[in-house]
Structures are given as C-alpha cells and as structure tokens.
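Examination of the molecular architecture
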Amino acid sequence: QSRQALPVNTPQSTPTQSASTPTRTATAASGDKRVDDVVRVIAETGLCRAKDVRVLLMKQWEMASNKPAVRHLDAAIKFGFIEQIAVRLEWGGQPSANILVLTQTGRALAEAMGVKIVRGQYEVGMAVHRNAEHLYVILEVADILAVESYSRIDPFPAFVPTSSGNYYPDLTAIDPTDQRL
C-alpha cells in the first residue's frame, strides 16, 4: 500500500526553525520506526510527562535502559514532531522535568500512520489549570495516591458548581477505606 509523502518541519509548524535544523520528507511515517513509536505513544495515550513516555517506550521496546528512549525523544523534538516544555520542580532532588506535546507536524504524522489521537493530559490539564508546573504536580500526586492503594484516581475531575462560579478540584480519588477524597 503506497502512502502519500508527508512534509516534516514545515515553517508553519516550527516557526523557530533555524537554517541548521534538518528537514525531512517522511514516506508513510518519519523514516525512523522508533521516532514513529514516540509519536504514536504520545498520540494514543495522551501522556505528557517525559518520564511516563520513556517508561512506556522502554516496555514496548523491551529494554532496561532508558537511553534509546531519550535518544529517540530528542530526535522527535529535533524534527519538530513534539515540543518539550520544561517545568520547575520543588521536590525530588531535580530542578526540572519535561512535558511533551505533539506539534501540528507530529499530529499530522500520527494521522498519516493511522493513529487515533486522544485528547492529551497536557491539553486537558492546561484547559483547567493554565499552569504547566501545577499540572505536573497533579500528575505526580495521582501517582503517589496510586502507590498508596487509592482507586479511581481522576486528575481531571468535573467541576463543582458553587455560588461564586465553578470550582475545579485538582483531582479526586477513592481512599483504601472507600471514602472519596
């Protein structure tokens, strides 16, 4: 089955592209199966934290090291398929972490590969909280609650109407004694 060539790194999708940034034409996909996997994982799962994407890629590729995942994430960024957003951390001994978001070029690649793109954590979280650091903390807390045996953890619950407008809780969960948090 032949597929249409997809231009990659077009000026419309990467306005900060410099003359030294490579451009490629992808036939059927990016030309690199593992870069395709990076785009596919983000598009299909909606995950946005780089560490989550790396873990999923490591499982998919059956690798114990995260170095190939890091290398292919960097390639996907370099070729304009994903944007990396650094967020400042105030815990865990690291000064920052990264959020990954598909660019228009990345979305086009995912569509060309036949991937059903889901609404991502970043899009949903930013629509409510408008702050990447806050979103990252919410996702970290959701992970902590999961480890502590909480269930039905929802990092993006529906709003609660109040007399002064709608309130958007950061997350909801059911604790181990079946109480809603």
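Criteria and cut-off values
- Residues numbered from 1 in each chain as written.
- Predicted model: local features only at pLDDT ≥ 70, side-chain atom pairs only at ≥ 80, totals over all residues.
- Heavy atoms only, no water.
- Helix = DSSP H or I, 4+ residues; strand = E, 2+ residues; numbered from the N terminus.
- Buried < 20%, exposed > 50% of the residue type's maximum accessible area, 1.4 Å probe, protein only.
- Contact = heavy atoms within 4.5 Å.
- Areas by Shrake-Rupley, 256 points an atom, 1.4 Å probe, with all protein chains shown as cover.
- Axes fitted to C-alpha atoms, helices over the stretch in contact; angles between N-to-C directions.
- Parallel < 35°, antiparallel > 145°, perpendicular 65-115°, else oblique.
- Left-handed = near helix turned anticlockwise from the far one by under 90°.

1. Notes on the overall build of the chain
What the chain contains, in helices and strands, is 6 helices and 8 strands. The order of helices and strands in the chain, counted from the N terminus, is β-β-α-α-α-β-β-α-α-α-β-β-β-β. Split into buried and exposed, the 181 residues of the chain put 41% on the buried side. Here the contacts in the chain between residues at least 6 apart in sequence split such that 51% fall between residues at least 24 apart. Total accessible area on the chain stands at roughly 10,600 Å², and carbon and sulfur atoms take up 51% of it.

2. Looking at the environment of Ile 42
For Ile 42, the position within the fold is in helix 1 (residues 33-45). Relative accessible area serves as the criterion here: at 6%, Ile 42 is assigned to the buried category. Placed 79 residues apart in sequence, Ile 42 and Gln 121 show a C-alpha to C-alpha distance of 9.8 Å. Once residues lying within four places of it in the same chain are set aside, the contact partners of Ile 42 are Leu 47, Val 53, Ile 82, Leu 100 and Leu 102.

3. Quick look at the packing of helix 2 (residues 50-61) against helix 3 (residues 67-78)
Where helix 2 contacts helix 3, the axes come no closer than 9 Å and their chain directions differ by 120°. Viewed along their axes, helix 2 and helix 3 adopt a mutual orientation that is oblique. The handedness of the crossing between helix 2 and helix 3 is right-handed. For the pair helix 2 and helix 3, the contacting residues are Ala 50, Val 53, Arg 54, Leu 57, Met 58 and Trp 61 in the first and Pro 68, Ala 69, Val 70, His 72 and Leu 73 in the second.

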